[in-house]
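As a plain string of letters, each chain reads:
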Amino acid sequence: MYSHGSESLIKQAREIQESELQKFYNRLGKLLQGKELSHETIDSLQRLLLILSATKYTRVLPPELQKRFISLLSSPAEQLQVLSSAVLRETLPPSGQEVNYNQENISQLNTHAASLLLSQAGSRPDLTSLCAQLLRGLEGRQSEGSAHSLTHTLPIINTILMHSPESLTEDHVTLLSKKFVDWLRYASITQGGGASSGGFFTGPRSRQPVPIAELDGTVSGDFFTVLCVGQGFTDDQWMNVYSFSLLRHWLLTYHSVSNGNSTSDTDDRSEVDGSVVSMVSATSSSSRLLPPKERLREKAFQYCQRLIEQSDRKANKRIDTDLQKACLVEAVCILDCVCEEDASLVFRTFPCIKALFGRLSSDLSYARVLLPIAQFYLHHGETAAVDCESVWSLVFGRLPAELFNDHFLAHELLRFLRLNLESLQLRVPQYTRSFPNLLKFLAWDSPATVDDFVDLLPSLVTTGTAVELLHTLLDLPCLSATLVLQLRSACLPISDTAGRPLLSLDAFRSTSYRGLFLFLLRGEAGSGDTIDRLSTLHELLAEAADWPRVIHCAQTVPVLLHIFFNTATKVADDKLLAHLILVILERSGLLLNMPKYIQEIHRVFSSHLLRLCKLHPSLVVDQSHELLEFSGATANVYSKEEVYTHVVWVLGEYLSVSCDSRCSVRLITSCFETLEAVLFEITSSAPPPGAVCPAPRVITTLMSALAKLASRSHDLIPRVSLFFSKLKTATRGGSVPWCTNEEDLVAIVTRGEELWSLLKAPGVAQSVLTPPSHITTPQWHRDTNVAMPLQLRALTSLTHSQ
């Protein structure tokens, strides 16, 4: 919130009277008439801005003051430009006082005036008119205009193209395409700024034009590009740099302009007027006969080819090496755009791209460049019929394996995957097999990458990868800890704050456990579902459970598991779903010892176990042996309460002939005896040392399951009725060792009495405990073919008072 002083100033600005405001306008107008603007003037401008912006009403400045502010837009002091632009934005200009620029005063255009122009354009015709005004300043020769104004004109046009491409006409596109060709291909090849050739008699008259140089210091023998250097640059060289920075966006979006009538001559032969053409690589006359768009593609192609050649030179300065990498990224992306528009250029471009990949693939410092190259291969590899195996081995292999801790690469690579998801699934089989490597980005920096994997994970779930992917997701905290150990192992021995060595680091360096960690660090799926000695691995990484990176990673796993199971139910067959149930039962007890993490995973397992069995009830019979084995282990009552409760509920709900005809009396009896033994054991003795009393929900779920099974096999009713009667007798003496809460005990006994009463009428018990689907989801109140609507109306009329 605002401080007390700030609130007081805002309150004063809102409550200023109109008479006081007019006096303030007059005093400010006199201050602005002075030749030198003092601190008082700046302070008054700031006060005016506060007054104008403190109220939601738009004020109108006096016409003379409005003109004064418009003139301040071209002031040499940027502070005045900022203040005047902000003031004009907050005011509604009088009719005829809008900020307009034409060919005569376009040289006054700057960043702040440009933003004001855009803010005043309230409709598409306004933007079209603004484009026409701006483009008129580009029609003259380069020497007639000011490069300073052109550098502001191009960003404005680019902004309009981004937000409202329909505001440009075909004539605008034609003109700009021609100008881009001139600026890109025909900039001066001599240094600007009056570079001296050196010597004792150096003077104004003895200065000779010095050619531009390459980044390695040699004299350039070809046309000017952004990778050329010199002591100074001419105006057209600056426009070359600006044009290159806007070229890709222009190529991507100029197709979205209005398709109005075009009056421009497509056969323009004046593009080289006033331009200095390189003698080494002058364009052929045939290229000048192309339409403007095609000519621009050709010149963009030549420009990017030259940039790739220049990037092979060893730069004298490190900052220039970074510039080379950035220009390579842009050049490859532009070539990709050009080839998307004209497929005939693919065959001319691929040799260059292939050679560039061969030169850079061994140097991972160029990883930022390798991703656009991979994009190019993905778009045009089939057209050129080239082998892309080495590209995908690098993108899905070495890059995530060795640069998982590079935040920029992680962002770029995951963005590449998201943008090309459908193409990768169809054309790149390595993609779905590379999830062990890709998940390293998530394991290392979960908060920054979890959104990407929320989108990517469904594409990685297939019938061939689902089981291994599930194990990998559950082991993500272990992978996070292993990545930390991998980086630390290259350093000196690490100790904790107490000076004790990290046991996990010693284990990572030990050959005895090397196989466990190598499996976590594997780069491709298919080497096995999980680790045989998971419990050993969890013991080795026990101290990593409180590392911040591991904790953050563990917090993302439940979210991803929900996405995994939701996708698996759509793509998996019954066999795979049965396998997933086995993984749920197995891994519920094999997780890194992080209590909150284990609790959340059990909650996810429970919810999706119910969903799987509800969608496919036959799975309960298919996996009855494993489910009974899990539910028959009394230890699971205390250590896996959530999962155990839901397994018992699933057995009682779906182990029925109505769900699967294979469900025999023998299977029902076997399940009954297993659950009966567990229920008798936990209600006849105190919990084991170190364990708490079983939750009331577990006991009531076991009781309900036994009652459901007995209602389907009436021979079992006496056994469960006997247990309920013993339970009631045992609790009459007060507290029992297996339940310390009196309210919980009363609820358990009450539930037992209800079930006992139901089982006295077996037919009623079965219809109540396991009602058929048409009972649980009735539509009687909507079905006009039955008498229920009539009965409901009759009952309503009887119960309502007249």
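Residues numbered from 1 in each chain as written. Predicted model: local features only at pLDDT ≥ 70, side-chain atom pairs only at ≥ 80, totals over all residues. Heavy atoms only, no water.

Visitor: Got a minute to help me understand the overall build of the protein chain in this structure?
Guide: Of the regular secondary structure elements, the protein chain holds 40 helices and 0 strands. Taking as baseline every contact in the protein chain between residues at least 6 positions apart, the subset at least 24 positions apart corresponds to 74%. Accessible surface computed for the protein chain: about 39100 Å², of which carbon and sulfur atoms make up 53%. (Helix = DSSP H or I, 4+ residues; strand = E, 2+ residues; numbered from the N terminus. Contact = heavy atoms within 4.5 Å. Areas by Shrake-Rupley, 256 points an atom, 1.4 Å probe, with all protein chains shown as cover.)

Visitor: Looking at this structure, I do not really get the packing of helix H20 (residues 435-444) against helix H27 (residues 548-571). What am I missing?
Guide: Helix-helix packing is characterised by the crossing angle of the two axes and by the distance between the axes. As a packed pair, H20 and H27 sit with axes 8 Å apart at the nearest point and diverge in direction by 120 degrees. If you check the angle between H20 and H27, you find them oblique. For the pair H20 and H27, the contacting residues are Leu-442, Ala-443 and Trp-444 in the first and Arg-549, Cys-553, Thr-556 and Leu-560 in the second. (Axes fitted to C-alpha atoms, helices over the stretch in contact; angles between N-to-C directions. Parallel < 35°, antiparallel > 145°, perpendicular 65-115°, else oblique.)

Visitor: What am I meant to see in helix H22 (residues 466-474) here?
Guide: Counting along an α-helix, one turn takes 3.6 residues, and residues three or four places apart therefore face a common direction. Burial analysis of H22 places 9 of its 9 residues in the buried class, the great majority of the element. In the core, the buried residues of H22 are packed alongside H20, helix H21 (446-460), helix H23 (476-489), H27, helix H28 (574-587) and helix H29 (595-615). (Buried < 20%, exposed > 50% of the residue type's maximum accessible area, 1.4 Å probe, protein only.)

Visitor: I tried to follow the environment of Ala-86 on my own but got confused; where do I start?
Guide: Relative to the assigned elements, Ala-86 resides in helix H5 (residues 78-90). Overall, the relative accessible area of 18% leaves Ala-86 in the buried class.

Visitor: Help me understand the nonpolar core, please; the structure alone is not making it clear to me.
Guide: Side chains of a nonpolar character, in soluble globular proteins, are inclined to be buried together. Counting 213 residues, the largest nonpolar core has Trp-392, Tyr-431, Leu-476 and Phe-564 as its most contacted members. Take this core: its biggest share by element is 11 residues, from helix H13 (residues 318-341). Once residues lying within four places of it in the same chain are set aside, the contact partners of Leu-476 are Leu-439, Leu-442, Ala-443, Cys-553, Val-557 and Leu-560. Judged by nonpolar contacts, the second largest core, of 25 residues, contains Ile-10, Tyr-25, Ile-51 and Leu-88. (Core = buried A, V, L, I, M, F, W, Y, C linked by side-chain atoms within 4.5 Å.)

Visitor: What am I meant to see in the pattern of salt bridges here?
Guide: If the charged atoms of two oppositely charged side chains come close together, the side chains can form a pair. According to the stated counting rule, one finds 26 salt bridges in the structure shown. Of the charged contacts, one joins Glu-298 and Arg-348 as a salt bridge, the two residues approaching to 3.2 Å between their closest N and O atoms. Note that Glu-298 is positioned in helix H12 (residues 292-310) and Arg-348 in helix H14 (residues 346-360), a separation of 50 residues in sequence. Owing to a relative accessible area of 15%, Glu-298 belongs among the buried residues under this scheme. For Asp-475, the salt bridge identified is with Arg-587, shortest N-O distance 2.8 Å. Within this pair, whereas Asp-475 is found in the loop between H22 and H23, its partner Arg-587 is found in helix H28, the two being separated by 112 residues in sequence. Here the two residues Asp-475 and Arg-587 agree in accessibility, since each one is buried. Each of Arg-418, Asp-452 and Asp-455 takes part in one network of salt bridges that share partners. (Salt bridge = Lys/Arg side-chain N within 4 Å of Asp/Glu carboxyl O.)

Visitor: How should H29 be read in this particular structure?
Guide: For H29, spanning 21 residues, the distance from its first C-alpha to its last is 30 Å, which sits close to the expected 30 Å at 1.5 Å a residue. Looking at H29, one finds that the buried residues are Tyr-597, Ile-601, His-602, Val-604, Phe-605, Ser-606, His-608, Leu-609, Leu-612 and Cys-613. (Expected span 1.5 Å × (residues − 1).)

Visitor: Can you walk me through the packing of helix H35 (residues 696-712) against helix H37 (residues 742-759) in this structure?
Guide: Relative orientation of the contacting elements H35 and H37 amounts to 5 degrees, with a least axis distance of 10 Å. The orientation of H35 relative to H37 falls into the category roughly parallel. Taken together, the residues of H37 that come into contact with H35 (itself represented by Pro-696, Ile-699, Thr-700, Met-703, Ser-704, Ala-707 and Ser-711) are Asp-744, Ile-748, Arg-751, Gly-752, Leu-755 and Leu-759.

Visitor: Please clarify how the packing of aromatic side chains should be interpreted in this entry.
Guide: To describe a pair of aromatic rings, you give the distance between the ring centres and the angle between the ring planes. One pass over the structure, following the stated rule, counts 19 aromatic pairs. Here the aromatic rings of Phe-180 and Trp-250 are separated by 5.7 Å at their centres, their planes lie at 40 degrees, and the arrangement is tilted. Remark: Trp-250 occurs in helix H10 (residues 235-253) and Phe-180 occurs in helix H9 (residues 170-185); sequence separation between them is 70 residues. Pair check on accessibility: Phe-180 and Trp-250 agree, each one buried. Among the aromatic residues, those joined into a cluster by ring pairs are Phe-180, Trp-183, Trp-250 and Tyr-254. A cation over an aromatic ring shows up here: Lys-325 above the ring of Tyr-366, its NZ or CZ 5.0 Å from the ring centre. Geometry around Trp-444 places Arg-549 over its ring, the cationic atom sitting 3.7 Å from the centre. (Phe/Tyr/Trp six-rings, centres within 6.5 Å; stacked < 30°, edge-to-face > 60°. Lys NZ or Arg CZ within 6 Å of the ring centre and 35° of its normal.)

Visitor: For this particular structure, what's the right way to read unusual backbone geometry?
Guide: Leave glycine aside and you will find that most residues have negative phi; peptide bonds, for their part, are mostly trans. A positive phi is found at Ala-385, a non-glycine position, where the angle reads about 55 degrees. Inspection of the secondary structure assignment puts Ala-385 in the loop between helix H15 (367-384) and helix H16 (389-402).

Visitor: What exactly am I supposed to notice about the confidence of the model for the protein chain here?
Guide: For residues with low pLDDT, the predicted coordinates do not support detailed interpretation. Counting all residues, the mean pLDDT for the protein chain is 83, and 84% of those residues have values of 70 or more. The spread of mean pLDDT over the elements of the protein chain runs between helix H11 (residues 285-288), the lowest at 51, and H20, the highest at 97. Within the model, the stretch residues 1-5 combines pLDDT values under 50 with 2 contacts to residues more than four positions away or in other chains. Counting contacts from residues 195-203, a segment whose pLDDT is below 50, to residues more than four positions away or on other chains yields 12 contacts. (pLDDT = per-residue confidence, 0-100.)

Visitor: Can you walk me through a nonpolar patch on the surface in this structure?
Guide: Taken together, the side chains of Phe-233, Trp-238 and Tyr-242 define a hydrophobic patch exposed on the protein surface, amounting to about 270 Å² of accessible area. Looking at where Phe-233 falls in the secondary structure, it is placed in the loop between H9 and H10. (Patch = residues over 30% accessible without salt bridge, like charges linked within 9 Å, V, L, I, M, F, W, Y side chains within 5 Å.)

Visitor: Explain the state of the cysteines here, please?
Guide: Covalently bonding the sulfur atom of one cysteine to the sulfur atom of another cysteine gives a disulfide. One pass over the full model with this rule turns up 0 disulfides. Considering cysteine sulfurs only, Cys-304 is the nearest to Cys-327, which forms no disulfide, with 9.8 Å between them. The thiol of Cys-671 is unpaired, and the distance to the nearest cysteine sulfur, on Cys-663, comes to 8.6 Å. Residue Cys-671 is classed as buried on the basis of its relative accessible area, which comes to 0%. (Disulfide = S-S within 2.5 Å.)

Visitor: What exactly am I supposed to notice about the side chain of Ser-44 here?
Guide: Along the chain, Ser-44 turns up in helix H3 (residues 39-53). Beyond its immediate sequence surroundings of up to four residues, Ser-44 is in contact with Phe-24, Arg-27, Leu-28 and Leu-31.

Visitor: What is the right way to read the side chain of Ser-631 from this model?
Guide: In this structure, Ser-631 sits in helix H31 (residues 624-631). Within the structure, Ser-631 has its side chain in polar contact with the backbone oxygen of Leu-628 (distance 3.2 Å). The contact partners of Ser-631, leaving out residues within four places of it in the chain, are Tyr-644, Val-647, Val-648, Leu-651, Thr-674, Leu-675 and Val-678. (Polar contact = N/O pair within 3.5 Å; in protein donor to acceptor, adjacent residues only side chain to side chain.)

Visitor: Which parts of the structure should I look at to understand the environment of Leu-364?
Guide: When you line up the elements, Leu-364 lands in the loop between H14 and H15. In the structure, Leu-364 is positioned 35 residues away from Leu-399 in sequence and 7.5 Å away in space, judged by C-alpha atoms. In this structure Leu-364 touches Leu-394, Arg-398, Leu-399, Glu-402 and Leu-403, once residues within four positions along its chain are discounted.

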